[in-house]
Amino acid sequence: MNLSELQKKVMELANEKNWGTKPDDVIFAEKLALLHQEVSEALEAYRAGRLTGKDGVQEELADIILRTLHLAGVYNIDLEKEILKKIKLNYDRDWSNDQLYKDRDLRNKNKPR
Ligand SMILES: [Mg+2]
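For clarity, every value in this text was computed on a predicted model and none was experimentally measured.

Participant: When you look at the confidence of the model for the protein chain in this model, what are you seeing that I'm missing?
Facilitator: Caution applies to low-pLDDT regions: their predicted coordinates should not be interpreted in detail. Residues with a pLDDT of 70 or more make up 96% of the protein chain, whose mean pLDDT is 92. Across the protein chain, element-level confidence peaks in helix α3 (residues 57-74) with a mean pLDDT of 98 and bottoms out in helix α5 (residues 99-109) with 72.

Now the structure itself:
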């Protein structure tokens, strides 16, 4: 099963459960906040050492993808296409001048020894 097929399944579930299937049915900021909640739950699970099982990291990562696929589906975004585009962009991107690396280098220089 590819990502587009998964997205279709998520939208079928969203329709069945009345989670919204088009932009007028949802509040974008609320859906984004709920996605963020799943990210926090994954962190909480990791910090508690719960990698598997109910409310474990694995389940929370799945929740993140489910909520992302749902939000993308509501806005008719082909996430598979967007991810493939982003992977190509990242391959072509020169990270050597990236601010993240500069900040990381600066932090490493300031580390107590
Ligand atoms: Mg969750």
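Text resumes after the structure shown.
Participant: Looking at this structure, how should I read unusual backbone geometry?
Facilitator: Working note: non-glycine residues mostly have negative phi, and peptide bonds are mostly trans. The phi torsion at N18 lies on the positive side, around 60 degrees, for a residue other than glycine. Along the chain, N18 falls in the loop between α1 (3-17) and α2 (28-47). The class for N18 is exposed, based on 8 C-beta atoms found within 10 Å.

Participant: Teacher, can you tell me more about the packing of α1 against α3 here?
Facilitator: Relative orientation and spacing of two packed helices are given, respectively, by the angle between their axes and the distance between those axes. Look at α1 against α3: their axes get within 9 Å of each other, and the N-to-C directions meet at 80 degrees. One finds that α1 runs roughly perpendicular with respect to α3. Mapping the contact onto sequence places L6, Q7, V10, M11 and A14 in α1 and L66, L69, H70, A72 and G73 in α3. Here the contact of α1 with α3 is composed, by residue class, of 7 nonpolar, 3 polar and no charged.

Participant: Just to check I follow, could you spell out the packing of α2 against α3 for this structure?
Facilitator: It is the contact of α2 with α3, at a shortest axis distance of 8 Å, that shows an interaxial angle of 165 degrees. With respect to their mutual orientation, α2 and α3 come out roughly antiparallel. Seen along the crossing, α2 lies across α3 with a hand that is left-handed. Only V57, E60, L61, D63, I64, R67, T68 and L71 of α3 make contact with α2, whose side of the interface consists of K31, L34, L35, E38, V39, E41, A42, A45 and Y46. Class assignment of the residues belonging to the contact of α2 with α3 gives a composition of 10 nonpolar, 1 polar and 6 charged.

Participant: Honestly, α2 in this entry has me stumped. Any pointers?
Facilitator: Quick reminder: α-helices carry 3.6 residues per turn. Residues three or four places apart thus point the same way. Between its first and last C-alpha atoms α2 spans 29 Å; for 20 residues at 1.5 Å apiece the expected length is 28 Å, and the two agree. Of the residues one or two after α2, G49 is the one with positive phi, at around 75 degrees.

Participant: Explain the environment of D78 here, please?
Facilitator: Mapped onto the elements, D78 comes out in the loop between α3 and α4 (79-92). Residues D78 and R104, spaced 26 residues apart in sequence, show a C-alpha to C-alpha distance of 34 Å.

Participant: What am I meant to see in α1 here?
Facilitator: In a regular helix each residue adds 1.5 Å, so 15 residues correspond to 21 Å; α1 covers 21 Å between its end C-alpha atoms and thus fits that length. On the buried face of α1, the contacting elements are α3 and α4. Of the residues trailing α1, N18 is marked for its positive phi of about 60 degrees.

Cut-offs applied
- Residues numbered from 1 in each chain as written.
- Predicted model: local features only at pLDDT ≥ 70, side-chain atom pairs only at ≥ 80, totals over all residues.
- pLDDT = per-residue confidence, 0-100.
- Helix = DSSP H or I, 4+ residues; strand = E, 2+ residues; numbered from the N terminus.
- Buried ≥ 20, exposed ≤ 12 C-beta atoms within 10 Å, placed from the backbone.
- Axes fitted to C-alpha atoms, helices over the stretch in contact; angles between N-to-C directions.
- Parallel < 35°, antiparallel > 145°, perpendicular 65-115°, else oblique.
- Contact = placed C-beta atoms within 7 Å.
- Nonpolar A, V, L, I, M, F, W, Y, C, P; charged D, E, K, R; others polar.
- Left-handed = near helix turned anticlockwise from the far one by under 90°.
- Expected span 1.5 Å × (residues − 1).

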